[in-house]
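Descriptive analysis of the structure
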Amino acid sequence: MQTHFEQELAGLKQKLLTMASHAETAVRQALDALLARDEELAFRVRDNDSIIDRFEVEVDEQGILLLAKAPLASNLRLIAVAMRVSHNLERVGDEASKIAKRARDLAAEPPLKAGIDLSRLAEMALSLLQAALDAFVNSDPAAARALIPRDKEIDQLNKDISAALTALMMSDPQTITRALHLMVVAKSLERIADHGKNIAEEVVFLCEAQDIRHTARPTP
């Protein structure tokens, strides 16, 4: 049978996974609002951001209480990682809100045919985030390490999109406002991938007690 502490620890992980689900949904809804030019959905994403913020507070409060009870170093690492993952998820929610704001702004403007692939960037970013969370659930540091190089591909795609939008603005000044909105969206998606990478690095710390932040390299 699980001890009371183990039950509380399991509850902390479950709260974190529920928070992750809300964060991922917020990103997808923000993108749907952008692509469908749906102002109502964009407002809903903004309003729901407070739910994700509340989860972060609850995870922190629960984590602080559990730190005083943790009998093992591995328990301490799990609690610390859970709190840091929660922070990254809250930032993902913030980026979803930014995308939703740009979706509202763009819905009031004529559609812009920019020839860029925001959907691909979004799927790459969300795939990295989801895979990092899977690695956390499965305590799989090898999977987490394998994810980290994917962040560079996403960075490059964001740069390509920014270059294309810059060229569009230079060729047609009437597109500047709309193109700038799309640049912000692309940057938000790139930052979501950064948070996924951060979570992957936390998984390595959790499982191997090794802090690879700022030093992570692709595995041979």
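These remarks concern the structure in this document.

Definitions and cut-offs
- Counting restarts for each chain, with residues numbered from 1 along the sequence as it is written.
- Local features are withheld for residues below a pLDDT of 70 in this predicted model, meaning they are given only at 70 or higher, and side-chain atom pairs are given and counted only at 80 or more; totals for whole chains, interfaces and linings count all residues.
- Computation of side-chain values: all heavy atoms of the structure, hydrogens and water removed.
- Counting from the N terminus, the helices are DSSP H or I runs at least four residues long and the strands are E runs at least two residues long.
- Note on exposure labels: buried denotes an accessible area under 20% of the residue type's maximum, exposed denotes more than 50%, and partly exposed covers the range between, all computed with a 1.4 Å probe on protein chains only.
- Contact between two residues is taken to exist if any of their heavy atoms lie within 4.5 Å; hydrogens are not considered.
- Throughout this description, the term salt bridge denotes a Lys or Arg side-chain nitrogen within 4 Å of a carboxyl oxygen of Asp or Glu.
- Any residue with an atom within 4 Å of a point lines the site, the site being either a cavity, points on a 1 Å grid over the protein atoms alone where a 1.4 Å probe fits but cannot get out, or a pocket, an open set with protein on both sides within 12 Å along at least 5 of 7 lines.
- Grid points are joined across faces, edges and corners, and a volume is the space filled by probe spheres set on the points.
- Expected span of a helix: the number of residues minus one, times 1.5 Å.
- When the centres of two rings from Phe, Tyr and Trp lie within 6.5 Å, Trp using its six-membered ring, the rings pair. Their planes under 30 degrees apart give stacked, over 60 give edge-to-face, and anything left gives tilted.
- Counting as a charge over the ring demands two things of the Lys NZ or Arg CZ atom: a distance within 6 Å of the ring centre and an angle within 35 degrees of the ring normal.
- By nonpolar core we mean a set of buried residues, namely Ala, Val, Leu, Ile, Met, Phe, Trp, Tyr and Cys, connected to one another through side-chain atoms within 4.5 Å.

**Things to note about unusual backbone geometry**
- Despite not being glycine, Arg37 shows a phi value in the positive range, around 55°.
- Checked against the element boundaries, Arg37 lands in the loop between α1 (4–36) and α2 (39–67).
- A relative accessible area of 33% places Arg37 in the partly exposed class.

**Overview of the environment of Ile212**
- With respect to the helices, strands and loops of the structure, Ile212 is situated in the segment after α7 (176–208).
- You can call Ile212 buried: its relative accessible area is 4%.
- Expressed as a C-alpha distance, the spacing of Ile212 and Met170, which sit 42 residues apart in the sequence, is 41 Å.
- In contact with Ile212, not counting residues within four places along its chain, are Arg145, Ile148, Glu201 and Val204.

**Observations regarding the pattern of salt bridges**
- Per the stated rule, a full pass over the model turns up eleven salt bridges.
- In this structure, Arg84 engages Glu202 in a salt bridge whose closest nitrogen and oxygen atoms are separated by 2.7 Å. Here Glu202 lies in helix α7 and Arg84 lies in helix α3 (residues 73–107), a separation of 118 residues in the sequence.
- Classification of Glu202 by relative accessible area gives buried; the value is 4%.
- With its nearest N and O atoms 2.9 Å apart, the salt bridge here joins Lys187 to Glu190. Taken together, the residues Lys187 and Glu190, both in helix α7 and three residues apart, mark about one turn of the helix.

**Details of the layout of surface pockets**
- What the largest pocket holds in volume is close to 310 Å³.
- In terms of lining, the largest pocket is formed by 18 residues, of which the most central are Leu34, Leu35, Leu112, Leu118 and Leu182.
- Put simply, the parts of the chain that give the lining of the largest pocket at least two residues each are α1, α3, α4 (118–137) and α7.
- A total of three residues in the lining of the largest pocket trace back to one element, the largest contributor, which is α3.

**Comments concerning α7**
- In this model, α7 (33 residues) spans 48 Å end to end at C-alpha, consistent with the 48 Å of a helix rising 1.5 Å per residue.
- Downstream of α7 by one or two residues, Ala209 has phi in the positive range, about 55°.

**Some remarks on the packing of aromatic side chains**
- All told, the structure shown has zero aromatic pairs when counted by the stated rule.
- Here the guanidinium or amino end of Lys13 rests over the ring plane of Phe136, the centre of that ring lying 5.6 Å away.
- Just above the ring of Phe43 sits the side chain of Arg104; from NZ or CZ to the centre is 4.7 Å.

**Examining the side chain of Glu95**
- By the secondary structure assignment, Glu95 is in helix α3.
- Look at Glu95 and you get buried, because its relative accessible area is 2%.
- Those residues in contact with Glu95 that lie beyond four places of it in its chain are Ser188, Arg191 and Ile192.

**Details of the nonpolar core**
- The biggest cluster of nonpolar side chains holds 71 residues, and the ones touching the most others in it are Ile79, Leu89, Leu118, Leu121, Leu129, Leu189 and Ile192.
- Those elements giving two or more residues to this core turn out to be α1, α2, α3, α4, α5 (141–147), α6 (150–171) and α7.
- The greatest single-element share of this core, amounting to 14 residues, is contributed by α7.
- Setting aside residues up to four positions removed in sequence, Leu118 forms contacts with Leu34, Ile161, Leu182, Val185, Ala186 and Leu189.

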